[in-house]
Amino acid sequence: REHSDHLKHFLVQLARKFPEASYEYIDQHTIVVCYNECACDLVKYGWIESPILCKCSVNNLQQNFEHALGKPVRVELQSSILAEAEKCVFHVVLLE
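Residues numbered from 1 in each chain as written. Predicted model: local features only at pLDDT ≥ 70, side-chain atom pairs only at ≥ 80, totals over all residues. Heavy atoms only, no water.

### Topic: the overall build of the protein
Right, so step 1: The helix and strand inventory of the protein stands at 3 helices and 4 strands.
Right, so step 2: For the protein, the N- to C-terminal ordering of α and β elements is α-β-β-α-α-β-β.
Right, so step 3: Taking 2.2 N^0.38 as the reference for a compact globule, 96 residues should give roughly 12 Å; the C-alpha atoms of the protein span a radius of gyration of 14 Å, in line with that estimate.
Right, so step 4: Along the three orthogonal principal directions, the C-alpha set of the protein runs to about 45 × 25 × 20 Å.
Right, so step 5: The buried share among the 96 residues of the protein stands at 34%.
Right, so step 6: The contacts in the protein between residues at least 6 apart in sequence include a share of 45% that link residues at least 24 apart. (Helix = DSSP H or I, 4+ residues; strand = E, 2+ residues; numbered from the N terminus. Rg over C-alpha atoms; globule rule 2.2 N^0.38 Å. Buried < 20%, exposed > 50% of the residue type's maximum accessible area, 1.4 Å probe, protein only. Contact = heavy atoms within 4.5 Å.)

As structure tokens, then:
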């Protein structure tokens, strides 16, 4: 219970700092992260259009969550704006 409360509080703080994204607590091992627009500057400036770049976002989320939570995570890309989805959706799975 304490772990899930800490995680929920962390997600509330993330949502405050990054209001362009949403962070949904699914269970003690799973978080869903959604971006309503592509967060990559290379895409915003029109330099890149390939969905292969989304692997960068996967790795970025993994590194950020691992550092913030102090534990390994796996990040899975569920959908991508660059692959013609409405939004980018990632599942963050806490490993332990």
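Once the structure has been displayed, the description carries forward.
### Focus on a nonpolar patch on the surface
Right, so step 1: A contiguous nonpolar surface patch, about 390 Å² in accessible area, is contributed by Leu42, Tyr45 and Trp47.
Right, so step 2: Turning to its location among the elements, tryptophan 47 is positioned in the loop between helix 2 (41–44) and helix 3 (54–69).
Right, so step 3: Here tryptophan 47 falls in the exposed class, since its relative accessible area comes to 62%. (Patch = residues over 30% accessible without salt bridge, like charges linked within 9 Å, V, L, I, M, F, W, Y side chains within 5 Å. Areas by Shrake-Rupley, 256 points an atom, 1.4 Å probe, with all protein chains shown as cover. Salt bridge = Lys/Arg side-chain N within 4 Å of Asp/Glu carboxyl O.)

### Topic: the packing of aromatic side chains
Right, so step 1: Under the counting rule described, the total for this entry stands at 3 aromatic pairs.
Right, so step 2: Ring geometry for tyrosine 45 and tryptophan 47: centres 5.3 Å apart, planes at 40°, overall tilted. (Phe/Tyr/Trp six-rings, centres within 6.5 Å; stacked < 30°, edge-to-face > 60°.)

### Regarding the sheet that holds strand 2 (residues 30–35)
Right, so step 1: Spatial ordering of the open sheet is given by 1-2-4-3, a layout of 4 strands whose pairing is antiparallel. For this open sheet the edge positions go to strand 1 (21–27) and strand 3 (73–79), each flanked by a neighbour on one side alone. Across the sheet, the mean angle from the axis of one strand to that of its neighbour is 20°, orientation sign disregarded.
Right, so step 2: Of the strand pairs in this sheet, strand 3 and strand 4 (residues 88–94) are connected by 6 bridges, and their pairing is antiparallel. Counted as the bridge partner of leucine 77 is phenylalanine 90 from strand 4. (Pairing = 2+ DSSP bridges. Axes fitted to C-alpha atoms, helices over the stretch in contact; angles between N-to-C directions.)

### A word on the pattern of salt bridges
Right, so step 1: Enumeration according to the criterion identifies 1 salt bridge in this entry.
Right, so step 2: Ionic pairing is found between glutamate 76 and arginine 74, a salt bridge with its closest N-O pair at 2.8 Å.
Right, so step 3: The partly exposed category is assigned to glutamate 76, whose relative accessible area is 27%.

### Some details on the nonpolar core
Right, so step 1: Residues Ile31, Val33, Phe65, Phe90 and Val92 are the most contacted members of the largest nonpolar core, which totals 19 residues.
Right, so step 2: Counting only elements with at least two residues in this core, the list comes to helix 1 (2–17), strand 1, strand 2, helix 3, strand 3 and strand 4.
Right, so step 3: In contact with phenylalanine 90, not counting residues within four places along its chain, are Ile31, Val32, Val33, Tyr35, Ser57, Val58, Leu61, Val75, Glu76, Leu77 and Gln78.
Right, so step 4: The next biggest cluster of nonpolar side chains, apart from the first, holds 6 residues, and it includes Cys38, Val43, Leu53 and Leu82. (Core = buried A, V, L, I, M, F, W, Y, C linked by side-chain atoms within 4.5 Å.)

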